[in-house]
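# Examining the three-dimensional arrangement
Spelled out from the first residue to the last, the chains are:
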Amino acid sequence: MLRRGNAPGRLAKQLIRRVGDADVALAGAETRPKVLKSLEDAEVQDVRASVRADGRTLEELIAELRMEIDSRAERRERRTELIKNKVEQGRLWRSVGVQERIPQMALAGPARAAVLTVLAALDFYVFAQSYAVLADVGGYGPEWWLGGLLGVAVFIAGVALAHGIKASILARAQQQMLVDADAGRLKIDPDTREQLVESRSSPLALGLTTAIFLLLSIAGVLVRSQGTAGETTGGAVILFQALIPLVAVAVELYLHDPTERDEPLPNLFDRRLERRLAKAERRLRIVAAQVEAKVSKIEKLYRVEEAILDVEQKDMGLRHTTDLVLGGGHIPTVPTNGRVAEVDRDQLEKTIKMARRS
């Protein structure tokens with residue numbers, strides 16, 4: 001087979017030398033191109049087979065990634081269907097300016113997450129340290145982590161309380177806006193007015209959340225006071241630490257927007273899957289292009305060999321057996337060392353029969 005660095009015509013000349021006897025030489029004019037074609041097909045198949053395993057692996061990976069992406073997209077669609085009405089109501093109320101009537105501070109999502117994470121971590125650490133002192137243990141044992149979880153529970157209760165207060169403020173603002181619109185003091189498009197639905201806040205849920213938050217905060221103050229009873233820490237420090245959950249409530253009260261109920265968007269994991277899919281598809285296209293380039297190069301090299309083989313055979317006087325004229329006299333055959341060998345009619349017919357049987 002052809003390899004890089006081989007001179008053009010090497011394979012054609014090699015085929016002529018290997019079948020240089022008289023019997024094959026007569027049939028070689030039509031058999032040698034077939035041999036050359038079979039060698040070309042074999043080499044092309046070798047090239048394709050060398051990357052077939054990699055291509056199959058990439059195709060399987062692409063199929064798995066597409067199935068995972070589609071599955072996650074279907075789950076997002078189901079979640080969107082559940083909150084579709086809330087999303088639409090949030091958009092409508094924002095369009096009529098309800099955000100102007102509630103306490104609101106605009107802050108980017110990552111910045112808000114960073115602020116709340118710091119407050120949660122602060123609550124966790126303060127409660128963990130106080131509970132560890134109360135239990136008279138050192139290091140980061142179970143008591144330390146129990147105190148930290150208590151701090152996280154206080155933080156979550158504070159966030160829930162802030163959301164409940166904000167929902168109550170929103171409900172009153174919506175009610176007042178509808179009254180103003182009906183009285184003509186606020187201009188709202190009639191079609192939009194018909195679609196607006198007033199939110200409802202539950203006093204029972206708000207009261208229960210407030211009670212839970214207060215109980216947890218009181219428990220936190222007691223833990224801190226007992227944990228620092230044997231130390232020189234004064235009541236001001238305890239009061240300062242007790243205010244940390246209230247700070248979280250105040251911050252979340254301003255950062256939370258109850259009208260922001262957007263449809264679920266692809267998260268970091270979804271984007272990572274999409275990047276992996278794009279990378280795998282790009283790699284598969286590159287592999288396919290490389291294979292086709294190698295195959296094209298091989299085909300071009302074999303076209304050169306076929307042309308050189310045709311020229312060499314014509315120079316040697318070789319023709320297809322169908323082109324031979326079996327007339328009387330002597331017919332020239334393969335030149336050997338510059339001399340023309342001659343065979344008579346009977347010998348030629350015998351040779352052709354032997355070539356056909358072979």
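Residues numbered from 1 in each chain as written. Predicted model: local features only at pLDDT ≥ 70, side-chain atom pairs only at ≥ 80, totals over all residues. Heavy atoms only, no water.

### Describing helix α3 (residues 52-82)
- Between its first and last C-alpha, α3 extends 45 Å over 31 residues, near the 45 Å set by a 1.5 Å rise per residue.
- Those residues of α3 not exposed but buried are Gly-55, Leu-58, Ile-62, Leu-65, Ile-69, Arg-72, Arg-76 and Thr-80. (Helix = DSSP H or I, 4+ residues; strand = E, 2+ residues; numbered from the N terminus. Expected span 1.5 Å × (residues − 1). Buried < 20%, exposed > 50% of the residue type's maximum accessible area, 1.4 Å probe, protein only.)

### Some points on the pattern of salt bridges
- Inspection of the entire model under this criterion finds twelve salt bridges.
- Ionic pairing is found between Arg-48 and Glu-292, a salt bridge with its closest N-O pair at 3.0 Å. A residue pair is termed long-range when its members are at least 10 positions apart, and Arg-48 in helix α2 (residues 22-50) and Glu-292 in helix α11 (residues 268-315) qualify at 244 residues.
- For Arg-185, the salt bridge is made with Asp-180, and the minimal N-O distance between the two is 2.8 Å.
- Accessibility expressed as a relative area gives 9% for Asp-180, which makes it buried.
- Shared partners join several salt bridges into a network, and the residues in it are Arg-72, Arg-76 and Asp-270. (Salt bridge = Lys/Arg side-chain N within 4 Å of Asp/Glu carboxyl O.)

### A short note on the packing of helix α5 (residues 109-134) against helix α10 (residues 244-255)
- Running from N to C, α5 and α10 point in directions that differ by 165°, and their axes come no closer than 10 Å. Considering the angle they form, α5 stands roughly antiparallel to α10. As α5 packs across α10, the resulting crossing turns out to be left-handed. Where α5 approaches α10, its residues Arg-112, Val-115, Leu-116, Leu-119, Leu-122, Asp-123 and Val-126 are matched on the opposing element by Ile-244, Pro-245, Val-247, Ala-248, Val-251, Glu-252 and Leu-255.
- In terms of residue class, the contact of α5 with α10 is built from eleven nonpolar, no polar and three charged. (Axes fitted to C-alpha atoms, helices over the stretch in contact; angles between N-to-C directions. Parallel < 35°, antiparallel > 145°, perpendicular 65-115°, else oblique. Left-handed = near helix turned anticlockwise from the far one by under 90°. Contact = heavy atoms within 4.5 Å. Nonpolar A, V, L, I, M, F, W, Y, C, P; charged D, E, K, R; others polar.)

### As for the packing of α5 against helix α6 (residues 142-183)
- Contact geometry of α5 with α6 gives a least axis separation of 7 Å together with a crossing angle of 140°. Looking at the two axes, α5 sits oblique to α6. Here α5 and α6 pass one another in a crossing that is right-handed.
- A per-class count over the contact of α5 with α6 returns 17 nonpolar, five polar and three charged.

### Considering the nonpolar core
- Grouped together as the largest cluster of nonpolar side chains are 13 residues, with contacts concentrated most on Trp-93, Val-96, Val-98, Ile-102, Met-177, Ile-188 and Leu-196.
- Taken together, the elements giving at least two residues each to this core come down to α4 (84-95) and α6.
- Tallying contributions element by element places α6 first for this core, with six residues.
- When we break this core down by domain, the ones giving at least three residues each are domain 1 (16-102 + 272-320) and domain 2 (104-258).
- When neighbours within four sequence positions are excluded, Leu-196 is seen to be in contact with Gln-89, Leu-92, Trp-93, Val-96, Leu-178 and Ile-188.
- Leu-58, Val-295, Ile-298 and Leu-309 belong to the second-largest nonpolar core, a separate cluster that totals ten residues. (Core = buried A, V, L, I, M, F, W, Y, C linked by side-chain atoms within 4.5 Å. Domains from an automatic or database assignment.)

### So, the packing of aromatic side chains
- Evaluation of the coordinates by the stated rule reveals three aromatic pairs.
- Judged by centre distance (5.5 Å) and plane angle (80°), the ring pair of Phe-124 and Trp-144 falls under edge-to-face. Residue Phe-124 is located in helix α5, and its partner Trp-144 is located in helix α6; the two are separated by 20 residues in the primary sequence. Side by side, Phe-124 and Trp-144 carry an identical accessibility label, which is buried.
- Linked through ring pairs, Phe-124, Trp-144 and Trp-145 together constitute an aromatic cluster. (Phe/Tyr/Trp six-rings, centres within 6.5 Å; stacked < 30°, edge-to-face > 60°.)

It is worth stressing that arrangement in space is one thing and function is another; only the former is reported here.
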